[in-house]
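Commentary on secondary and tertiary structure
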Amino acid sequence: MATATVVGSTDDSFTVQFEGPFCRMCCDYDYFEDLRYELTEYGVAVDAIKIADITYRGDETFLVEFADRS
């Protein structure tokens, strides 16, 4: 239902813009966590990255910064 687009990156983090419509039966945060697990298909360990920041932009857009845990 939602789309995710990488909108920026640094050496130890990346920012993803999530846009809806979001399923209101789930928590928005679940979408952000799910991306961490989807990255395992590309060899990224789930425990290697964390959600560092979430910025809400209206009801249907979120900017989420994912960062290296080390």
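The sections below set out a description of the structure shown in this document.

Within the chain, the secondary structure is distributed over 1 helix and 4 strands. Each helix and strand of the chain, placed in order from N terminus to C terminus, yields the pattern β-β-α-β-β. For 70 residues, the compact-globule formula gives about 11 Å, and the C-alpha radius of gyration of the chain, at 12 Å, lands near that figure. The principal-axis extent of the C-alpha atoms belonging to the chain is close to 30 × 20 × 15 Å. In the chain, buried positions account for 30% of the 70 residues. The contacts of the chain with a sequence gap of at least 6 include a subset with a gap of at least 24, amounting to 40%. Carbon and sulfur atoms make up 50% of the accessible area of the chain, which amounts to about 4700 Å² in all. One way to put it: in the chain the 5 positive side-chain charges average out to a point 4 Å from where the 15 negative ones average out.

All right, on to a negative patch on the surface then. Side chains of Asp30, Asp34, Glu38 and Glu41 sit close together on the surface and give a patch of like negative charge. As for its position among the elements, Glu41 is in the loop between α1 (28–38) and β3 (49–57). In this structure Glu41 comes out as exposed when scored by relative accessible area, which is 67%.

Procedures and definitions
Residues numbered from 1 in each chain as written. Predicted model: local features only at pLDDT ≥ 70, side-chain atom pairs only at ≥ 80, totals over all residues. Heavy atoms only, no water. Helix = DSSP H or I, 4+ residues; strand = E, 2+ residues; numbered from the N terminus. Rg over C-alpha atoms; globule rule 2.2 N^0.38 Å. Buried < 20%, exposed > 50% of the residue type's maximum accessible area, 1.4 Å probe, protein only. Contact = heavy atoms within 4.5 Å. Areas by Shrake-Rupley, 256 points an atom, 1.4 Å probe, with all protein chains shown as cover. Lys, Arg positive; Asp, Glu negative; His and termini not counted. Charge placed at Lys NZ, Arg CZ, Asp CG, Glu CD. Patch = residues over 30% accessible without salt bridge, like charges linked within 9 Å, V, L, I, M, F, W, Y side chains within 5 Å. Salt bridge = Lys/Arg side-chain N within 4 Å of Asp/Glu carboxyl O.

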